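Each chain is listed here by its residues.
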Amino acid sequence: VLLQASGGGSVQAGGSLRLSCAASGRTFSRYAVGWFRQAPGKEREFVSGIRWSGGSTYYADSVKGRFTISGGNAKNTAYLQMNSLKPEDTAVYYCAVGGNIITSAIFFPRSYHYWGQGTQVTVSS
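> Mind showing me how you'd approach the overall build of the protein here?
The helix and strand inventory of the protein stands at zero helices and eleven strands. Start at the N end of the protein and walk to the C end: the helices and strands fall as β-β-β-β-β-β-β-β-β-β-β. On C-alpha atoms alone, the protein measures out to a radius of gyration of 13 Å, which is about the 14 Å that the 2.2 N^0.38 rule sets for 125 residues. Based on the C-alpha atoms only, the size of the protein along its principal axes is roughly 40 × 30 × 25 Å. Burial statistics for the protein: of 125 residues in total, 45% are counted as buried. Residue pairs in contact within the protein that sit at least 24 positions apart in sequence constitute 58% of those at least 6 positions apart.

Below, the structure written as structure tokens:
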């Protein structure tokens, strides 16, 4: 599976961005897709996830109500709509795909098998 993340950029606080994660080589149908982010000097952290089959979604507390993950489409592409962005959202955002991930493990990078290259999101105050 090859993942291509895109949509990052620079915005002011309160702005919006939509990230995309396109997969090639295999469909998402039996996978979970996760978005993670990593700021300089910090560990990679879970942002949001979605089960492609069934559509269950998961969010970190820090982004609930501001970010929306979507997918389950024929384009084999997952999206992360990010609204009301804050400076603390600044990071490199990565999408990842994993199969057979139990719910309790969906929040951990080690549960995912394939990773995209990352896209930079910068939010200025």
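Here the narrative resumes.
> Even after reading the chapter, I still don't get the state of the cysteines, so can you show me in this structure?
Covalently bonding the sulfur atom of one cysteine to the sulfur atom of another cysteine gives a disulfide. Within the structure shown, the criterion is met by one disulfide. Between the sulfur atoms of Cys-21 and its disulfide partner Cys-95 the distance amounts to 2.2 Å. Looking along the S-S bond of the Cys-21-Cys-95 disulfide, the torsion reads about 70°, which is the right-handed sense. On the criterion of sequence distance, the pair formed by Cys-21 in strand β3 (residues 17-24) and Cys-95 in strand β9 (residues 91-99) is long-range, its members being 74 residues apart. Of the two residues, Cys-21 and Cys-95, both sit in the buried class.

How each quantity is defined
- Residues numbered from 1 in each chain as written.
- Predicted model: local features only at pLDDT ≥ 70, side-chain atom pairs only at ≥ 80, totals over all residues.
- Heavy atoms only, no water.
- Helix = DSSP H or I, 4+ residues; strand = E, 2+ residues; numbered from the N terminus.
- Rg over C-alpha atoms; globule rule 2.2 N^0.38 Å.
- Buried < 20%, exposed > 50% of the residue type's maximum accessible area, 1.4 Å probe, protein only.
- Contact = heavy atoms within 4.5 Å.
- Disulfide = S-S within 2.5 Å.

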